[in-house]
Structure formats: C-alpha cells, structure tokens
Amino acid sequence: MLCGYRNGDLICLMCFSVMFAGVATEQVRRPAPTFEIIEKGNYLIFNASAPESAAPHCWKYVFQYRKCNEEQITVNVTEDNEWRVKVQYDAACKYTVQVQAKYDTTYCGELERDSDMSEPVYFGQNGDPNLPSKVAMIAIPIILCFCIIVAMVLFRRHKDKFLPRVPTPSHFFKDMFDSDKEMTKQLNVGELYVPIEEVVEELHVEPKTSHLHHGL
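Residues numbered from 1 in each chain as written. Predicted model: local features only at pLDDT ≥ 70, side-chain atom pairs only at ≥ 80, totals over all residues. Heavy atoms only, no water.

*Asks:* Please provide a residue-by-residue account of the pairing of strand β2 (residues 43-48), values included.
*Replies:* For β2, the buried fraction is high: 5 of the 6 residues fall into the buried class. Of the strand pairs in this sheet, strand β1 (residues 35-40) and β2 are connected by 6 bridges, and their pairing is antiparallel. Residue pairing in the sheet places I37 in a bridge with F46 of β2. In sequence, β1 turns back onto β2 through a hairpin of 2 residues, with G41 there showing a positive phi of about 65°. The sheet contact formed by β2 and strand β5 (residues 84-88) spans 5 bridges and is antiparallel. Opposite L44, over in β5, you have V87 as the bridge partner. (Buried < 20%, exposed > 50% of the residue type's maximum accessible area, 1.4 Å probe, protein only. Helix = DSSP H or I, 4+ residues; strand = E, 2+ residues; numbered from the N terminus. Pairing = 2+ DSSP bridges.)

Here's what the structure looks like:
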C-alpha cells in the first residue's frame, strides 16, 4: 500500500533493502567437523579437522564419547590442542564418539553459529566381562584331568618303586630250605634268607715241659 503513495518508489526501495539485508545477515549453521579415530598403543586419538575460519581461536570442539555402557564423557579442545583428544583405550569396550564445533560469541561476536552434532562414529566391540571366569571354569577341570591321567600312568609304570612287594613269613621259611631259591626268583628280590657261616677257631694244645722234667 505504501508503494501507491507519493514517493512510493523510494519507500519500496527501502523495504526491499531491509528485506535483503536481513537475508544476507542471517547466520548459516556450519556442517559438523570431520574426525577420525586412531589407535596408538594403549590410547585412542580423536583427530578432527581444523575449522575453515579466518579466526580459528574463536572456535572450540566439543567431543562426546561413551565406552561400553558407561556414562557419556565430554571433552573440549581448541587450537592449542591441535583439535584432538587422547583417551585411555580399553580393548574390551566399544567406543561411540561425536563432535560439535562451538563458536565463542563472548569474545568474537555473533558472526558464526555452532555447527550441528556429527554422526556417531564407532570403534571396537564390547567384550564379555565374564570371559576370564568362563575360561577358568573350562580350563581348570581339563588341566586337573590331564594331571590325574599322567599321574596314573607314571604310577603304574613305577609302582614297584612306590609300593615294593613285601614277602610273607611263609615265603621266608620256604626260602630257607629251598636250594634253588624259586621263591626269591618269583619275587624278583634278593635272597630272603642268607645263612651266616659259623666261624670255627682252631685250638692248638701244647704239652707243658715242666711236668716232664719233674718226672725225671
């Protein structure tokens, strides 16, 4: 309606100028930063790309990650940290990581807007926390059975050393009167009875010469 009045062209020009100025100054949300997960020894490194901005000091990256079923952890990094996070790696856990770029409006004004949160990136797999106990329950009985079998085989092979055969008294008396020592041979031992040889001393009697001289 204002365009129908006098000097309407000027007013219309001002309206369109304000409208286009609002469109031009509308802030555009940046896409989420891209990043990769690198395994290095006992650590994981979340390495993100630097922001495409003439003032990188105005930005910070907010990493959110979760391992296994634990609570989510948030870590902020800046240009001083080279846009990366280093965390302890647990090989038995699955990691879920996301990142968002945030603009510091306190010191840098409102020229930029925060980016969207990135899509989650996954690393690793959740392990079974009861796996060591399950392995122990299976391995220990197998080891015990193996040890028992080996002990039985060795015992049967060397049972004569562990449990030597003890002769009965009847075998002892039979061996005394058996010249062939058949009982000793059957027992596979030394002679059960070994007679002791009697020591016989020879006596020499010499006559006394004093009695002979006295008679003469």
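Let us keep going from here.
*Asks:* Give me the lowdown on a nonpolar patch on the surface, citing residues and values where you can.
*Replies:* Together, M137, I138 and I142 line one region of the surface with nonpolar side chains, adding up to about 360 Å² of accessible area. Within the element layout of this structure, I138 appears in helix α3 (residues 131-157). (Patch = residues over 30% accessible without salt bridge, like charges linked within 9 Å, V, L, I, M, F, W, Y side chains within 5 Å. Areas by Shrake-Rupley, 256 points an atom, 1.4 Å probe, with all protein chains shown as cover. Salt bridge = Lys/Arg side-chain N within 4 Å of Asp/Glu carboxyl O.)

*Asks:* Provide a residue-level description of the sheet that holds strand β6 (residues 95-103), including the pertinent values.
*Replies:* On the basis of which strands lie adjacent, the open sheet formed by 4 strands has the order β4-β3-β6-β7 and antiparallel pairing. For this open sheet the edge positions go to β4 (73-77) and β7 (121-123), each flanked by a neighbour on one side alone. Each neighbouring strand pair of the sheet contributes to a mean axis angle of 25°, computed without reference to strand direction. In this sheet, β6 lies alongside strand β3 (residues 59-67) in antiparallel orientation, the contact comprising 9 bridges. Looking at β6, one finds that Q64 is bridged to Q98. (Axes fitted to C-alpha atoms, helices over the stretch in contact; angles between N-to-C directions.)

*Asks:* Lay out the environment of A91 with the relevant residues and their values.
*Replies:* In this fold, A91 is placed in the loop between β5 and β6. With 35 residues separating them along the chain, A91 and N126 place their C-alpha atoms 8.2 Å apart.

*Asks:* Could you give me a rundown of unusual backbone geometry, with the residues and numbers involved?
*Replies:* Of note in this structure, C68 is not a glycine but carries a positive phi near 50°. For C68, the location among the structural elements is in the loop between β3 and β4. Positive phi is not limited to glycine here, since W83 has a value of about 60°. Within the secondary structure, W83 is located in the loop between β4 and β5.

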